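Structural description and commentary
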Amino acid sequence: MVQGKMEDGKLIISLFGRIDSANAAEYENKIQEVVQANPAQTIVVDCEKLDYATSAGLRVILRLKKSVDDTSLINVNAELYEIFDMTGFTDMMSIQKAYRVFSVEGCEVIGEGANGKVYRIDRDTIVKVYRNPDALPEIQRERELARTAFVAGVPTAIPYDVVRIEGGGYGSVFELLNATSFVKLLIKGEKTLDEVAEMSIDLLKTIHSKTVAPDKMPDMKAVALDWAAFLKDYLPAEQADKLYALVEAVPEDMHMMHGDYHLKNIMFQNGESLLIDMDTLCHGHPVFELASMYNAYIGFSAIDKSHAIDFLGIDYDTCCKLWHKSLELYLGTTDESAIRSVEEKAAIIGLTRLMRRTIRRDGMNTDEGRQLIDYCKKTLMELVPKVDTLVF
Amino acid sequence: MPDLYHIDLHLHTNVSDGTDTPEELLRCVREAGIRLFSITDHDGYNAHEALRGRMAEDDPRLLTGIEFSCKDEEGKYHILGYNFDPDADAIVNVVEIGHAYRMRKVRKRLDLLKEEYNIDLPEEEVKHLLAMENPGKPHIGNLLVKYGYSETRDQAINEIINKLHVHSEYVRPEEAIAGILGAGGIPVLAHPLFGSGDELILGDEMDARLRRLMGFGLQGVEGFYSGFTDKLRAQVLALAAKYGLYVTAGSDYHGKNKLVRLGDTGLDEVTEYPEGLTKFLEEVGVRG
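Residues numbered from 1 in each chain as written. Chains lettered and ligands numbered in written order. Predicted model: local features only at pLDDT ≥ 70, side-chain atom pairs only at ≥ 80, totals over all residues. Heavy atoms only, no water.

All names here are of chain A. In the contact formed by helix H9 (residues 237-248) and helix H14 (residues 367-386), the axes pass within 10 Å of each other and the chain directions differ by 60°. As judged from the angle between their axes, H9 and H14 are oblique. Every pair of crossing elements has a handedness; the one defined by H9 and H14 is left-handed. Across the interface between the two elements, Gln 239, Lys 242, Leu 243 and Leu 246 from H9 touch Met 381, Val 384 and Pro 385 from H14. For the contact of H9 with H14, the class distribution of residues is 5 nonpolar, 1 polar and 1 charged. (Axes fitted to C-alpha atoms, helices over the stretch in contact; angles between N-to-C directions. Helix = DSSP H or I, 4+ residues; strand = E, 2+ residues; numbered from the N terminus. Parallel < 35°, antiparallel > 145°, perpendicular 65-115°, else oblique. Left-handed = near helix turned anticlockwise from the far one by under 90°. Contact = heavy atoms within 4.5 Å. Nonpolar A, V, L, I, M, F, W, Y, C, P; charged D, E, K, R; others polar.)

As structure tokens, then:
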């Protein structure tokens, strides 16, 4: 019924079975025996084996919390967690849900985003595993972003559960029936490059048509200004100042953008496109979106062309075609000079980010890093003087 | 205002399932600095009778009280009654009905203990038990421990008494409410949201339950209760405000039986008494 043990100065109380009014007093007496035998400032109640608590059981927990303020609950099953949430216990004390444990060993990687990898567990279940081992707040944040996008009318998969990953970390679970990533459609030849580009740009336009409340998502321009400011130490003053001024002159824009938009982040389900990676959602002028797409398709592979196949699973040439077709569709023109002009604007922001990122990741100390930094610098010094505005 | 009256209007003595005698409880109330209290034993108010005439002039004010266990087709309810005339037929009759039900249940339990477990308690003890105001499972449990049938009272209740199939009869909520009103008292729903103790009744369901009981004449809710979180208390207070009900505050202290601290009502969490509580205090003659 009740077991207690001391661990690192904390009293761990494990509860078993079901607490209701018939046995609440007995539970309470046993808990008090344990508490009196192990005086502690901190109590952690392990609910792994606690099946259920009626409201009489909730009051036992409440009284324990009142007697020792630093009392928290861990491994609470989903049903009980919901009750604790409804009754305001979660506002009052730390209550951690019990997470199912998933193994992703040997599972197919079907997508990759800024903060994690997406695996297929079985035909209908996919799980996004976060790189950060302590990703619970991040998962919560992404869930909120996904919900905001969903409510705004962007086709988005919303995770239905959070799981612990065997070997460490957490994942969000999605149920996607018969879903395939866009990149897979292309590789398998189920869709042509033009079809895939068209579907992805249609979805992108849907995203860009939504406006967001200022406090819901970060402002991409503010982020890009940080990137430009960083390069002041690495570019000649004239170019650096102009670069900063160009970013600063981009008008405020409350339209939603994805922030990491490429074929690996879009799923195809029952004839519809669906976004799965929402942690980079923000708002801003579309040039910032095109900049991140430029990097995904072109920038990252500028020096090492094999990067494209490693990252997206498609070769560099295909990436170049996809990028060009995407621009053509997004801008609604086949006029090469118009396309080239927007490409240059996207490249300026994309390479600013890439140069900073490579420097910050110790790129100065590797051959490939130095080459990439030099390439970014050379291209920026060539493009920045040519361009009067980043807006199109 | 909040410091003016330290109150606890939901307390039990050993007249029902608490452990303190009425005198012990009075001592605890004095020590806790409570100024207004009510003893709300289940289905009876003999504790109040026991203290009548024993209170000193500067003692905290004692309000007559009772907690009826009620049931109808819709569920179970605990209904508190306050400030009634203890000698009025209206409430005496309901207490007698409840007492008769309870005694029938005790006799049935004793019969079944004999039939199913061959447990024969000494005649003297049975006589004493049946002479109590409100004997119940805890009292029978104590006897089973005393005569070596169980290690602890909890064990006796869970492993023996709860296994006896005894049909329970209850006073209906409208009977309890009418009895309290007929004796000039105020009927109040105890620990709303928790039903008779195990349930969790929230949102529309609670609203509907309250409206039903108001149809019988219910006038108040126990808005401050030791078992409420801030969120639950806010729900009850919102309902009280919506329907203009009286608000009371009680800990449900049972002495050593439960770890509820006397005076723990959550009233110290608020900076202002809700209107329903102020009105209740005025109604029972306490000036703010």
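Now that the structure has been shown, we can carry on.
With that settled, consider the pairing of strand E6 (residues 186-189) of chain B. Residues and elements named next belong to chain B. Along E6, one buried face is formed by Ile 186 and Val 188 and the opposite face, lined by Pro 187 and Leu 189, is buried too. Note that strand E5 (residues 75-82) and E6 share 4 bridges and pair antiparallel. Residue pairing in the sheet places Tyr 82 in a bridge with Ile 186 of E6. In the sheet, E6 pairs with strand E7 (residues 220-225) via 2 bridges, with the strands oriented parallel. Each bridged residue has a counterpart across the sheet, and for Val 188 the counterpart in E7 is Gly 220. In the classification by handedness, the crossover that spans E6, the intervening helix H8 (residues 203-216) and the parallel E7 is right-handed. (Buried < 20%, exposed > 50% of the residue type's maximum accessible area, 1.4 Å probe, protein only. Pairing = 2+ DSSP bridges. Right-handed = clockwise from strand over helix to strand, strands pointing away.)

Before going further, it helps to examine helix H10 (residues 275-283) of chain B. All names here are of chain B. Along H10, the residues that are buried comprise Gly 276, Leu 277, Phe 280 and Leu 281. Seen end-on, H10 carries its buried residues on one side only, within an arc spanning 135°. Looking one or two places after H10, you find Gly 285, whose phi comes out positive at around 90°. (Arc of directions from axis to C-beta.)

Before going further, it helps to spend a moment on the pattern of salt bridges. Evaluation of the coordinates by the stated rule reveals 36 salt bridges over all chains. The residue Glu26(A) makes a salt bridge to Lys30(A) at a minimum N-O spacing of 3.6 Å. Within this pair, Glu26(A) and its partner Lys30(A) are both found in helix H1 (residues 24-37), separated by 4 residues, close to a single helical turn. Between Lys242(B) and Asp207(B) there is a salt bridge, and its shortest N-O distance comes to 2.6 Å. Placement of the pair is Lys242(B) in helix H9 (residues 230-243) and Asp207(B) in helix H8, with a sequence separation of 35 residues. A single network of salt bridges, built from pairs that share partners, joins Lys128(A), Glu142(A), Asp277(A) and Asp279(A). (Salt bridge = Lys/Arg side-chain N within 4 Å of Asp/Glu carboxyl O.)

Facing 20 residues of chain B, the contacting portion of chain A comprises 25 residues. Of the roughly 1,800 Å² buried between chain B and chain A on both sides combined, carbon and sulfur atoms contribute 53%. On the chain B side of the contact with chain A, Asp198(B), Lys231(B) and Leu259(B) bury the most area, a combined 31% of that side's loss. Inspection of the region where chain B meets chain A yields 1 salt bridge. A salt bridge links Lys66(A) to Asp264(B); its shortest N-O distance comes to 2.9 Å. Where chain B meets chain A, there are 12 residue pairs in polar contact (both at pLDDT 80 or more). Among the secondary structure elements, those contributing two or more residues to the side of chain B that touches chain A are helix H6 (153-159) and H9 of chain B. Taken together, the residues that form the side of chain B that touches chain A break down as 8 nonpolar, 7 polar and 5 charged. (Buried area = accessible area lost by both parts, 1.4 Å probe. Polar contact = N/O pair within 3.5 Å; in protein donor to acceptor, adjacent residues only side chain to side chain.)

What follows concerns the layout of surface pockets. All names here are of chain A. Within this model, the second largest pocket holds a volume of roughly 960 Å³. As for the second largest pocket, its lining consists of 35 residues, and the residues nearest its centre are Ala 114, Phe 300, Arg 353, Arg 357 and Arg 361. Among the secondary structure elements, those contributing two or more residues to the lining of the second largest pocket are helix H8 (220-230), helix H10 (286-297), helix H11 (306-311), helix H13 (336-360) and H14. Sort the elements by how many residues they give to the lining of the second largest pocket and H13 lands first, with 6 residues. Of the residues in the lining of the second largest pocket, the class split is 12 nonpolar, 10 polar and 13 charged. Residue assignment places the lining of the second largest pocket across two domains, with domain 2 (102-175) and domain 3 (180-386) each supplying three or more. (1 Å grid on protein atoms, 1.4 Å probe; cavity = no way out; pocket = protein on both sides within 12 Å on 5 of 7 lines; lining within 4 Å. Points joined across faces, edges and corners; volume = space filled by probe spheres on them. Domains from an automatic or database assignment.)

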